Amino acid sequence: MTFTIEVPGARLNAADGGAGDAIVLLHAGVADLRSWDAMVPLLVDAGLRVIRYDLRGFGASEVDDVEFSNRADVMAVLDALDIERAALVGNSRGGHIAFDTAVEFPDRVVAVVGVGAGIGGLEHEPTPEEVAIFEEMERLEDAEPRDAEALADQAVRVWVDGIGQPPDRVAPEIRDYVRRATIVSYEPGKVAGRPIVLDPPAAARLADLRCPVLAVAGGYDTSFITAVAHHLERHAPNGRAVIWPDVAHMIGMERPAELAALIVDFLASMRPWR
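Residues numbered from 1 in each chain as written. Predicted model: local features only at pLDDT ≥ 70, side-chain atom pairs only at ≥ 80, totals over all residues. Heavy atoms only, no water.

1. Description of the packing of helix 5 (residues 148-161) against helix 6 (residues 172-185)
It is the contact of helix 5 with helix 6, at a shortest axis distance of 8 Å, that shows an interaxial angle of 135°. Relative to helix 6, the element helix 5 is oriented oblique. Considering only the axes of helix 5 and helix 6, their crossing is right-handed. Residue-level inspection shows A148, E149, A152, D153, A155, V156, V160 and D161 of helix 5 in contact with helix 6, the latter providing I174, R175, V178, R179, T182 and I183. Residue classes in the contact of helix 5 with helix 6 are distributed as eight nonpolar, one polar and five charged. (Axes fitted to C-alpha atoms, helices over the stretch in contact; angles between N-to-C directions. Helix = DSSP H or I, 4+ residues; strand = E, 2+ residues; numbered from the N terminus. Parallel < 35°, antiparallel > 145°, perpendicular 65-115°, else oblique. Left-handed = near helix turned anticlockwise from the far one by under 90°. Contact = heavy atoms within 4.5 Å. Nonpolar A, V, L, I, M, F, W, Y, C, P; charged D, E, K, R; others polar.)

This is the structure in structure tokens:
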């Protein structure tokens, strides 16, 4: 069951389950809150209160065409649910938001787990193969009219299969879900709002992080994602990287039990924080 959380300029579709220390799951840009479905019961069974919501422009959240802060949205969700402090787990775009939020609101964030996560402001040189793929994705995004189905097919090949990996490597239901979720995000007339970026970006402000950081990346993901994980391990005050060689970007869907167990173990020494 989902419900609506009112924030300035949007009505966020959210879910809240379990009891105990709070953990917020932030989804990838090719997904929505349903991408965490397999992990939620595992985290709840571990005694965590699990909150997740559709980011602006994704899933069933309703958005006005206004400027907004994704960091402020995280805080608004916590405030609406009377949660003072929480751990943040973010996949891809959600990880980028989680790190930004921990930098801007350090007193409210207990820990951050980046799952195939990006981070703002980190320079990285892509491989020639990646350059070609991202140029094609940019072409598809800029095309008029935009071909949402072609964009979704490309997203599945890159973010679900992994660059150069066969299409049967991942369960077909995961590929189908990401394809459908991506089409919804790029459907004609979709309003996503105008996000206000963190300035200076998080990569330049890692010393401001006061919480432990775990960065999980897959060997089949893009080289940037692995670089982010290693950068966080080297430069975040309390950072650790875990690289799983045989997964791609949607780790929580590929390996929900293993990822949930890793998160629970990572958070164990910090509990209770409620």
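From this point, the narrative continues.
2. With respect to the pattern of salt bridges
Evaluation of the coordinates by the stated rule reveals 19 salt bridges. Linking R49 and D16 is a salt bridge whose minimum nitrogen-to-oxygen distance equals 2.6 Å. Taken together, the positions of R49 in strand 4 (residues 48-53) and D16 in strand 2 (residues 10-17) put the pair 33 residues apart, joining distant regions of the chain. R71 is the partner of E104 in a salt bridge, and the nearest nitrogen-oxygen pair spans 2.8 Å. A residue pair is termed long-range when its members are at least 10 positions apart, and E104 in helix 3 (residues 93-104) and R71 in helix 2 (residues 70-80) qualify at 33 residues. (Salt bridge = Lys/Arg side-chain N within 4 Å of Asp/Glu carboxyl O.)

3. Considering the packing of helix 4 (residues 128-142) against helix 5
Two numbers describe how helix 4 lies on helix 5: the axes approach to 10 Å, and their chain directions differ by 155°. In terms of axis orientation, helix 4 runs roughly antiparallel to helix 5. For helix 4 against helix 5, the interelement crossing comes out left-handed. Facing helix 4, whose interface residues are I133, F134, E136, M137, L140 and E141, helix 5 presents A150, L151, Q154, A155, V158 and W159. When grouped by side-chain class, the residues that make up the contact of helix 4 with helix 5 number nine nonpolar, one polar and two charged.

4. Some remarks on the nonpolar core
V24, L26, Y53, I119 and L232 are the most contacted members of the largest nonpolar core, which has 47 residues in total. Discounting residues that sit within four places of it in the chain, V24 has contacts with I51, Y53, L78, A86, A87, L88 and V89. (Core = buried A, V, L, I, M, F, W, Y, C linked by side-chain atoms within 4.5 Å. Buried < 20%, exposed > 50% of the residue type's maximum accessible area, 1.4 Å probe, protein only.)

5. Looking at the packing of aromatic side chains
For the structure on display, the rule yields one aromatic pair. Consider the rings of F134 and W159, whose centres lie 6.3 Å apart with planes at 25°: the pair is stacked. Separated by 25 residues along the polypeptide, F134 in helix 4 and W159 in helix 5 bring together distant segments of the chain. For F134, a relative accessible area of 29% puts it in the partly exposed group. Overall, W159 belongs to the buried group, its relative accessible area being 15%. (Phe/Tyr/Trp six-rings, centres within 6.5 Å; stacked < 30°, edge-to-face > 60°.)

6. Quick word on empty space enclosed by the protein
Evaluation of the coordinates by the stated rule reveals one cavity of 30 Å³ or more. By volume, the largest cavity is sized at about 40 Å³. Taken together, S35, W36, N91, V115, M250, I251, G252 and M253 form the lining of the largest cavity. Looking at the lining of the largest cavity, the element that brings in the most residues is helix 8 (residues 251-254), giving three residues. Partitioned by chemical class, the residues of the lining of the largest cavity number five nonpolar, three polar and no charged. (1 Å grid on protein atoms, 1.4 Å probe; cavity = no way out; pocket = protein on both sides within 12 Å on 5 of 7 lines; lining within 4 Å. Points joined across faces, edges and corners; volume = space filled by probe spheres on them.)

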